[in-house]
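Observations on the three-dimensional arrangement
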Amino acid sequence: MACTVRILGVDPGLRRMGWGVIDVSGPRLSWVAHGVIAPDVDAELARRLAELSTGIGKIVEEYKPTVAAVEETFVNVNPRSTLLLGQARGAALAALASRGLAVSEFAARKIKQSLVGTGAADKDQIAFMIKRLLPKAGNVTADAADALAAAVCCAHHMGPELSMKLRVVNG
């Protein structure tokens, strides 16, 4: 019988950070939970980052994932937006690592390709595939769907490298 691995997927964002938790047992994927952390948009940057970090910490404590998957930051035409997104991503990575989780990072194109079969998939295609793969998740916002997609991508790519990370984290 295959052991169960619980994966927390994170879609970083400064306004809305999506998260999703799945269980993986052999080839079987099961939805556990999902949501969005939405800090006060009027708060100063440091406060918003703290809210994101605290929110991720609460999710880790409640759902006790084995490993986390985080979408990498893509560089867009606006350097300021890229920097802000990177800071939100950093808050998530720090929160996960400080709680002892092994963290796998995936490019958005890799996540889309893993889920839909093409790295150019749009948000609707991601949401559609999440509904197909994890029907118990119900209707999912774009941010949570992207986070669940990161978790599914991690499940598809669990190999010797991830197994090694899990061994190191779990002793």
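Note: the structure precedes this text.
Values in this document were obtained by computation on a predicted structure and should not be read as measured data. (Residues numbered from 1 in each chain as written. Predicted model: local features only at pLDDT ≥ 70, side-chain atom pairs only at ≥ 80, totals over all residues. Heavy atoms only, no water.)

**Quick word on the sheet that holds strand β3 (residues 28-37)**
Read across the open sheet, the five strands follow the order β3-β2-β1-β4-β5; overall the sheet is mixed. The strands lining the two open edges of the sheet, one partner per strand, are β3 and β5 (102-106). Across this sheet, the average inter-strand angle for adjacent strands is 20 degrees, counted without regard to direction. In terms of strand pairing, strand β1 (residues 4-11) meets strand β4 (residues 67-71) through four bridges, oriented parallel. Across the sheet, residue I7 finds its bridge partner in β4, namely V67. (Pairing = 2+ DSSP bridges. Helix = DSSP H or I, 4+ residues; strand = E, 2+ residues; numbered from the N terminus. Axes fitted to C-alpha atoms, helices over the stretch in contact; angles between N-to-C directions.)

**A few points about the side chain of S114**
Locating S114 in the fold gives a position in helix α3 (residues 108-116). For S114, a relative accessible area of 18% translates into the label buried. Residues in contact with S114, not counting those within four places in the same chain, are C153, H156 and H157. (Buried < 20%, exposed > 50% of the residue type's maximum accessible area, 1.4 Å probe, protein only. Contact = heavy atoms within 4.5 Å.)

**Some points on the pattern of salt bridges**
Tallied over the entire structure, the rule returns five salt bridges. Here R6 ties to D23 by a salt bridge, and the two come within 2.7 Å at their closest N and O atoms. Highlighted residues: R6 in strand β1 and D23 in strand β2 (residues 17-25), separated in sequence by 17 residues. According to the relative accessible area criterion, R6 is partly exposed, its value standing at 23%. E105 is paired through a salt bridge with R89; the nearest N and O atoms lie 2.3 Å apart. Taken together, the positions of E105 in strand β5 and R89 in helix α2 (residues 79-98) put the pair 16 residues apart, joining distant regions of the chain. Accessibility expressed as a relative area gives 40% for E105, which makes it partly exposed. Note on R89: relative accessible area 11%, which makes it buried. (Salt bridge = Lys/Arg side-chain N within 4 Å of Asp/Glu carboxyl O.)

**What about helix α1 (residues 45-63)?**
Counted at 1.5 Å a residue, the expected span for α1 with its 19 residues is 27 Å, and the 27 Å between its end C-alpha atoms agrees. Inspection of α1 places R48, L49, L52, G55, I56, G57, I59, V60 and Y63 among the buried residues, and these make up the whole buried set. In this structure, the buried side of α1 is in contact with β1, β2, β3 and α2. Immediately beyond the C-terminal end of α1, within one or two residues, lies K64, with a positive phi of roughly 50 degrees. (Expected span 1.5 Å × (residues − 1).)

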